[in-house]
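# Survey of secondary and tertiary structure
These are the residues of each chain, in order.
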Amino acid sequence: MSLLEIDRLTCRFGEVTAVDEVSLSVNEGELLGLVGESGSGKSTLGRAICGLVPPSQGRIRFAGRPLPERFTASTFRRQAALVQMVFQDAYSAMNPRMTLLDSLREPLLLQGKQCGKESRLALDWLDRIGLPRRFAMRYPHELSGGQRQRLGIARAFITEPKLVICDEPVSALDVSVQAQIINLLQNLQRDTGVAMLFIAHDLAVVRHLAERTAVMYHGRVVELGGRDLFARPRHPYTRALVAANPGAGGELMESRSLLPPAATGCAYRKRCPYAASVCEASVPKLITDEADRQVACHRLEDIDKLR
Amino acid sequence: MSLLQVRDLHLHIGDQHLVRGVDLSIDAGECLALVGESGSGKSLTALSLMQLLPSNARLEHREWLFAGQDMRFVDEAGWRKLRARRIAMVFQNPMTALNPTMTIGRQIAEVINLHTGKSRRSALARAVELLDRLGIVNAPRRARQYPFELSGGMLQRAVIAMAVACGPSLLIADEPTTALDVTVQAEVLMLLRELCSDEGLGLLLITHDLGVVKDMARQLAVMYAGRIVESGSCEQVLRDPAHPYTRALQAAMPSLGGEAQSLQGIAGTPPDLSRQIDGCAFAPRCPQAMNICPRRLPPAFSPVPEQRVECWLWEQAR
């Protein structure tokens, strides 16, 4: 059953359309990856699901209930009980004047679900994320980057949400620490059965974690597929992303990554080596193929023939 | 003959002993990759090679040759002539490496004007030419813009343009693509590769991404706690890493191809560099540590010719 259903969601900020008619669903207990370049709208989408960004059009349904159009303090709190977020920069996401214990108790106090047991639960969570209990009275600035991200993760999971949105949670970390955090997230997801939306620009990390992955370009989902997405990319943009991944040994397909997205038709057409007149005419829709892959490209059949 | 040859480089800043005996050698037209975690001393090694260090820094070395010149005898005035003209550097964050109140073109032209004595007008023309060569569309217009008006990928190209403006023979690039998107990263790396092969530029590439290393470098040096613990040809070291730390780095990285394996983090933290370290600095985190490891610094062993590893595990194999 799908936990989260996003139906043609659009988020506009003045002239800029950050998220453009995105439809996605996340099942209970599933880990959905979301990749794309900076500015593709991945983070805005994540924030809209949390209720941090108001949608301009479209609808988000969470656990069968539509999100309110305008959040009040109480509806926001209700949403926060269901959806939590882990940010890239754990340090700026924390109150520097709160001890670790207070940082972990805070969401519980706000939810008011664990009266009197907050401290004990907070200490249990220090164990679960692998920080010693004597750290309870320390402050975020006393932690290393990896330890801070562990704390950020504990704070997201401590209220037992249904969905955790991770926005580039490991991008700022060294590889050795990155591996620890990825393993921690994987174990927590297995133990708690929480659904996760994992936003990242590192394809290898996403491939390692996600069952299904959506690729965003300029506010739209251009391709969505299962674990074979990166082995058999179909959309020209996904192909370019895979080829550009360092060490993949792929040939660089485009040398036009600095070109801005097109304003009409397919936004990718200026960079696309397969662009034709049909790409100028209209925005391609996501079409599901026989292998349950969704791709939004006018030239898909021709490209397959060319290769 | 090597373009750059450094032996036993040590750097102290205050009571911290941050670079602890580094040997480096780079040939013209060749790329040497220096990898390691943050705090391992990669960037400080780079800054030492540019002599861009704080005033309380103390730099020691046994030998330091650059293009046949003995660097012991170069004073600060000599260094000012070397920087940009012979040795140049590209930093990780182009936004902080550029002056926000000057147009891109003028910043590049300033370097040319200062170091080659060209007139300001012809320096500006050269700057536009460089921007164009580095793949910036509509270079004359971009040259008149300020850093905030350009995207990260364009800024990094501008910084590279500035670095190569005076035709240096050694380029030090400190995580030049870490802040960029993968597609842009691929292009910037290709540019650097072209500069190496076309102009015979020696490149010291500092990165933490083993994928980037694979695409770029022929030689690889792995740094941990101020020492190069393993070095050799990139192909050999990545295929058959000899040091437990190199192996641990590899096991920690997810890959895009092959089967998804579980990732191995490296437990523990790098050592405190204000203390003296008697043995191998990695010993407290090493799964294969033996009695001797924390007591005595391992000498360099060669599992195969051209590969060099500082690890006691290779003593018997010798």
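Since the model is a prediction, treat every value here as computed from it, not as a measurement. (Residues numbered from 1 in each chain as written. Chains lettered and ligands numbered in written order. Predicted model: local features only at pLDDT ≥ 70, side-chain atom pairs only at ≥ 80, totals over all residues.)

## What about the overall build of chain B?
From N to C terminus, chain B includes eleven helices and 13 strands. In terms of C-alpha radius of gyration, chain B reaches 21 Å, essentially the compact-globule figure of 20 Å for 318 residues. Projected onto the principal axes, the alpha-carbon positions of chain B cover approximately 65 × 50 × 35 Å. A fraction of 63% describes how many contacts in chain B between residues 6 or more apart in sequence connect residues 24 or more apart. (Helix = DSSP H or I, 4+ residues; strand = E, 2+ residues; numbered from the N terminus. Rg over C-alpha atoms; globule rule 2.2 N^0.38 Å. Contact = placed C-beta atoms within 7 Å.)

## Things to note about the sheet that holds strand E12 (residues 300–301) of chain B
Residue and element names in this part refer to chain B. Sheet architecture is open: eight strands sit in the order E7-E8-E9-E3-E10-E11-E13-E12, paired in mixed fashion. Looking along the sheet, the strands with just one partner apiece sit at the ends: strand E7 (87–90) and E12. With four bridges joining them, strand E3 (residues 31–35) and strand E10 (residues 219–224) adopt parallel strand pairing. Following the sheet pairing, Val35 is matched in E10 by Val222. In the packing of helix H7 (residues 152–164) onto the sheet, contacts are made with E7 and strand E8 (170–174), and the angle to E7 comes to roughly 170 degrees. (Pairing = 2+ DSSP bridges. Axes fitted to C-alpha atoms, helices over the stretch in contact; angles between N-to-C directions.)

## Description of the sheet that holds strand E12 (residues 294–295) of chain A
Residues and elements named next belong to chain A. Pairing in this open sheet of eight strands is mixed, and the strands run E6-E7-E8-E3-E9-E10-E12-E11 from one edge to the other. The open sheet terminates on both sides in strands that have one partner only, identified here as strand E6 (83–86) and strand E11 (287–288). Summarising the sheet, strand E9 (residues 212–217) and strand E10 (residues 220–225) pair through five bridges and their orientation is antiparallel. Residue Val215 lies in a different strand from E10, and its bridge partner there is Glu223.

## Quick notes on the interface of chain A and chain B
Accessible area lost on assembly of the parts is the figure often given for the size of an interface. At the interface, 32 residues of chain A touch 35 residues of chain B. By residue number, the principal contributor to the side of chain A that touches chain B is helix H6 (residues 175–192) of chain A, which donates eight residues. Class assignment for the residues of the side of chain A that touches chain B results in 16 nonpolar, twelve polar and four charged. (Nonpolar A, V, L, I, M, F, W, Y, C, P; charged D, E, K, R; others polar.)

## With respect to the nonpolar core
Phe198 of chain A together with Ala33 of chain B are the most contacted members of the largest nonpolar core, which totals 191 residues. If we ignore the near neighbours within four places in the chain, the residues touching Ala33 of chain B are Leu205, Thr207, Val213, Met216, Ala217, Leu220 and Cys234 of chain B. (Core = buried A, V, L, I, M, F, W, Y, C linked by C-beta atoms within 7 Å. Buried ≥ 20, exposed ≤ 12 C-beta atoms within 10 Å, placed from the backbone.)

## Examining the pairing of strand E4 (residues 57–62) of chain A
Residue and element names in this part refer to chain A. In the sheet, strand E1 (residues 2–13) pairs with E4 via five bridges, with the strands oriented antiparallel. Within E4, the position partnered with Glu5 by the bridge is Arg61. Where E4 lies against strand E5 (residues 65–66), two bridges are found, and the strand directions are antiparallel. Each residue of the ladder has a partner; that of Phe62, found in E5, is Arg65. Turn length for the E4-E5 hairpin, with the two strands adjacent in sequence and antiparallel, is two residues, and the turn residue Ala63 shows positive phi of about 50 degrees.

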